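# Examining the three-dimensional arrangement
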Amino acid sequence: MSETLVDWRRTTGTVPQSKIATDRVPRHDTDLASRLLEVPDTSSAVADALDELGIGSVLGSTGLAPLSDDSRVCGQAVTLRYIPLDADVTANRNAGRGKVFGDRDLYGIGSPGDVAVMDCSGLQSGAVMGALSAKWAVKAGIAGCIVDGSVRDSGSILASDLPVWSAGRMPAAARYRYEIAEVNGPVVLRGNTVRPGDYIVADIDGVCIVPFEDMPRVVEYCEEAQRAEATFVERIDAASSLEKLIEGMTPGTAPA
């Protein structure tokens, strides 16, 4: 294992240094994300592994839904937490509050292949991501975005081919409604903690959170389970009938 340090040339300097929790992300020495994406129905396979190993978290697509059913992503988290402002939009606009957002620097703090995770403190009153944000993420090499809050400009985000999951959609912007609490510290997705460096696995079925230190054994579990399933699929395809398939099987031995 190792760590990568933030390349500050990739950031705009918009986020105050005092709000950046750490300038490093832990890394494994091999590309575990690519290996996991070779496993079909990835989030389901990972969810099984997390159940068997007693680790991580699994979130259904009703809480965090993909903008496109074709979206798939696996990568390490870089994180951003927003908190709501306590006045209305007019008062905050007049006071100059809620004008600074952290998505561009979040993408720059991440390395290509990372997943940007945004925590909006459980609220959806304004979109923290839109068309320009998606363009910036693509330029930074971000693999996808998980937003526990609202997004907008959904058509433009889809056109960018950036995989995005969100708790909702809202035409109104987050401007004058939120402020940055912290970048690259622990965040919460639907009540589940994500730390910088944890792995995010997401597709049409939902989102899985894999603790950084447990990723190697999750990948090994999923690969072994996939080999067993492939063998069983061959047996199903080769059987001339259901009766022939069942003959000689030990009850309870079929993969789920």
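Sequence order sets the numbering: in each chain, residues are counted from 1 along the sequence as written. Whole-chain, interface and lining totals are the exception, using all residues; otherwise, since this is a predicted model, local features are given only for residues with pLDDT of at least 70 and side-chain atom pairs are given and counted only at 80 or more. The basis for the side-chain values is all heavy atoms of the structure; hydrogens and waters are excluded.

By the naming in an unreviewed UniProt entry, the protein chain goes by Putative 4-hydroxy-4-methyl-2-oxoglutarate aldolase and is assigned to Rhodococcoides kyotonense. UniProt positions are given in the numbering used here, feature names are shortened, and annotations may be inferred rather than shown by experiment. Regarding the protein chain, the UniProt comment filed under Sequence similarities (unreviewed entry) reads as follows: "Belongs to the class II aldolase/RraA-like family." Under Subunit (unreviewed entry), UniProt gives the following word-for-word description of the protein chain: "Homotrimer."

Each aromatic pair joins two rings of Phe, Tyr and Trp (for Trp, the six-membered one) with centres within 6.5 Å, and gets the label stacked for planes under 30 degrees apart, edge-to-face for over 60, and tilted for any other angle. According to the stated counting rule, one finds 2 aromatic pairs in the structure shown. Judged by centre distance (6.2 Å) and plane angle (55°), the ring pair of Tyr-82 and Tyr-178 falls under tilted. With a gap of 96 residues between them, Tyr-82 in strand β5 (residues 73-84) and Tyr-178 in strand β10 (residues 178-183) connect regions that are remote in the sequence. Buried, partly exposed and exposed residues are distinguished by accessible area as a fraction of the type maximum, computed with a 1.4 Å probe on protein chains only: under 20%, between the cut-offs, and over 50%, respectively. For Tyr-82, a relative accessible area of 0% puts it in the buried group. Taken together, the ring pairs in this structure connect Tyr-82, Phe-101 and Tyr-178 into an aromatic cluster. Secondary structure elements are defined from DSSP: runs of H or I of at least 4 residues count as helices, runs of E of at least 2 residues count as strands, and each element is numbered from the N terminus.

Moving on, we get to the nonpolar core. Working definition of a nonpolar core: buried Ala, Val, Leu, Ile, Met, Phe, Trp, Tyr and Cys residues. They are joined through side-chain atoms within 4.5 Å. Of all hydrophobic cores here, the largest spans 31 residues; its most connected members are Tyr-107, Met-129 and Cys-145. Every element with two or more residues in this core is listed here: β5, α4 (103-109), β6 (115-119), β7 (127-129), α5 (131-140), β8 (144-151) and β10. Those residues in contact with Cys-145 that lie beyond four places of it in its chain are Tyr-107, Ala-116, Met-129, Ala-137, Leu-162, Pro-163, Val-164 and Trp-165. Counting 20 residues, the second largest nonpolar core, distinct from the first, contains Ala-47, Ala-49, Cys-74 and Cys-208. Residue contacts are counted whenever heavy atoms from the two residues lie within 4.5 Å of one another.

Here we take up the pattern of salt bridges. Any carboxyl oxygen of Asp or Glu within 4 Å of a side-chain nitrogen of Lys or Arg constitutes a salt bridge here. The full count for this structure, using the stated rule, is 11 salt bridges. In this structure, Arg-9 and Asp-7 form a salt bridge, with 3.0 Å as the shortest nitrogen-oxygen distance. When its relative accessible area of 76% is taken as the criterion, Arg-9 is described as exposed. Between Asp-86 and Arg-97 there is a salt bridge, and its shortest N-O distance comes to 3.1 Å. With Asp-86 in the loop between β5 and α3 (89-95) and Arg-97 in the loop between α3 and α4, the pair connects residues that are 11 residues apart, well separated along the chain. Looking at Asp-86, the relative accessible area reads 69%, which means it is exposed. One salt-bridge network, in which partners are shared between bridges, spans Glu-3, Asp-23 and Arg-24.

This part covers the UniProt feature "binding site: Mg(2+)" (unreviewed entry) in the protein chain. When the UniProt feature table is mapped onto this chain, "binding site: Mg(2+)" (unreviewed entry) is found at Asp-153. Relative to the helices and strands, Asp-153 resides in the loop between β8 and α6 (154-160). Setting aside residues no more than four positions away along its own chain, Asp-153 makes contact with Gly-130 and Ala-131.

Taken from the UniProt record, the annotation "binding site: substrate" (unreviewed entry) applies to Arg-152. Looking at where Arg-152 falls in the secondary structure, it is placed in the loop between β8 and α6. For Arg-152, a relative accessible area of 28% corresponds to the partly exposed category. Excluding anything up to four places from it in sequence, Arg-152 contacts Ala-127, Met-129, Gly-130, Ala-131, Ile-157, Met-170, Pro-171, Ala-172 and Ala-173.

Right, let's talk about helix α2 (residues 42-53) for a bit. The end-to-end C-alpha distance of α2 is 16 Å, a good match for the 16 Å that 12 residues give at a rise of 1.5 Å each. On its buried face, α2 is in contact with α1 (32-37), β3 (57-60), β13 (199-203), β14 (206-210) and α7 (215-238). After α2 finishes, the residue Gly-54 shows a positive phi value of roughly 70°. To estimate the expected span of a helix, count its residues, drop one, and scale the result by 1.5 Å.

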